[in-house]
Amino acid sequence: MQRRDVIRTGAWLGLGWAGGALAHHGWSSFDQDRPIYLEGRVVDVKWRNPHAELVLELPEALRLPADLGQRPLPAQTAGIDGPALLAKTALPTRRDRRWEIELAPLFRLGQWQMPEVKIGASLSTVGFTFKDEKGEAILRAEYVFLDGKVYGLRSSPA
């Protein structure tokens, strides 16, 4: 059982509010001042609510794409300055080869018409992890680049 599952189980067993608060990450848990870029192959998928999750296996030599800042982005209902976000995106400093990627709830993924991601798929993502990259290797996806399309996940399509 993974640590997150232990926390979720502890919350259900009534071990207190603090355990329940750690079981699900809201946007405020992530450092939104430092977007990071990941790409790789999907090795696990949990397509369910409260949000879909992927495990992404990164290549040994991860590189920031030269065209990242010029990629076209979809219009969203949230006021997100996507080009500025991509311009300041960096690679993670930690060297984990596997990252858990938190996507949006299934309803929102449906609004974007994002297909269910399958094991073995290649994708890249820009998003946020914890401050100073502490804790588990988890990224909350802001954008997902999959099969030549980009999906903005914080809000609905405009």
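Residues numbered from 1 in each chain as written. Predicted model: local features only at pLDDT ≥ 70, side-chain atom pairs only at ≥ 80, totals over all residues. Heavy atoms only, no water.

**Q** What exactly am I supposed to notice about the nonpolar core here?
**A** Where a protein is soluble and globular, its nonpolar side chains tend to be buried together. In this structure, Ile101, Leu103, Met114 and Leu153 are the most contacted members of the largest nonpolar core, which totals 37 residues. Going through the elements one at a time, strand E1 (36–46), strand E2 (53–57), helix H3 (82–87), strand E3 (98–102), strand E4 (122–128), strand E5 (138–146) and strand E6 (149–152) are the ones with two or more residues in this core. Top contributing element to this core by residue count: E5, with seven residues. What leucine 103 contacts, discounting residues up to four positions off in sequence, is Trp47, His51, Ala52, Leu54, Leu109, Met114, Arg140, Ala141, Val144 and Leu153. (Core = buried A, V, L, I, M, F, W, Y, C linked by side-chain atoms within 4.5 Å. Buried < 20%, exposed > 50% of the residue type's maximum accessible area, 1.4 Å probe, protein only. Helix = DSSP H or I, 4+ residues; strand = E, 2+ residues; numbered from the N terminus. Contact = heavy atoms within 4.5 Å.)

**Q** Please explain the layout of surface pockets as it appears in this structure.
**A** Vacant regions in the atomic arrangement are exposed by a probe of water-molecule size rolled over the atoms. As a volume, the second largest pocket reaches approximately 190 Å³. As for the second largest pocket, its lining consists of Leu58, Pro59, Glu60, Ala61, Leu62, Leu91, Pro92, Arg94, Arg95, Asp96 and Arg97. Among the residues forming the lining of the second largest pocket, the class breakdown is six nonpolar, no polar and five charged. (1 Å grid on protein atoms, 1.4 Å probe; cavity = no way out; pocket = protein on both sides within 12 Å on 5 of 7 lines; lining within 4 Å. Points joined across faces, edges and corners; volume = space filled by probe spheres on them. Nonpolar A, V, L, I, M, F, W, Y, C, P; charged D, E, K, R; others polar.)

**Q** Which parts of the structure should I look at to understand the packing of aromatic side chains?
**A** Aromatic ring pairs are defined here through the distance separating the ring centres and the angle between the ring planes. All chains considered together, the criterion is met by one aromatic pair. When the ring centre of phenylalanine 145 is taken as origin, the NZ or CZ atom of arginine 71, which lies over that ring, is 4.7 Å away. Note that arginine 94 overlies the ring of tryptophan 99, its terminal NZ or CZ placed 5.5 Å from the centroid. (Phe/Tyr/Trp six-rings, centres within 6.5 Å; stacked < 30°, edge-to-face > 60°. Lys NZ or Arg CZ within 6 Å of the ring centre and 35° of its normal.)

**Q** Quick question: what am I supposed to make of the environment of leucine 58 here?
**A** Position of leucine 58 among the secondary structure elements: in the loop between E2 and H3. Look at leucine 58 and you get buried, because its relative accessible area is 5%. For the pair leucine 58 and aspartate 96, spaced 38 residues apart in sequence, the C-alpha separation works out to 8.1 Å.

**Q** Got a minute to help me understand the pattern of salt bridges in this structure?
**A** Opposite charge on two side chains permits them to pair, given that their charged atoms come into close proximity. Scanning all chains against the criterion turns up seven salt bridges. Residues glutamate 133 and arginine 34 are paired through a salt bridge, measuring 2.6 Å at the closest nitrogen-oxygen approach. Residue glutamate 133 is located in the loop between E4 and E5, and its partner arginine 34 is located in the loop between helix H2 (17–23) and E1; the two are separated by 99 residues in the primary sequence. The class for arginine 34 is partly exposed, based on a relative accessible area of 30%. Two residues, arginine 94 and aspartate 96, come together in a salt bridge whose shortest N-O distance is 2.4 Å. For aspartate 96, a relative accessible area of 29% gives the class partly exposed. (Salt bridge = Lys/Arg side-chain N within 4 Å of Asp/Glu carboxyl O.)

**Q** Looking at this structure, how should I read unusual backbone geometry?
**A** Among all residues except glycine, the phi angle is most often negative; among peptide bonds, the trans geometry is most common. A cis amide bond links asparagine 49 with the next residue in sequence, proline 50, at an omega value of 15 degrees. The backbone of glutamine 113 shows a phi angle near 60 degrees, a positive value even though the residue is not glycine. With respect to the helices and strands, glutamine 113 occurs in the loop between helix H4 (106–111) and E4. One non-glycine residue, aspartate 147, lies in the positive phi region at around 50 degrees. Its location among the elements puts aspartate 147 in the loop between E5 and E6. On the basis of relative accessibility, which here comes to 69%, the residue aspartate 147 falls in the exposed class.

Nothing here speaks to function; it is geometry throughout.
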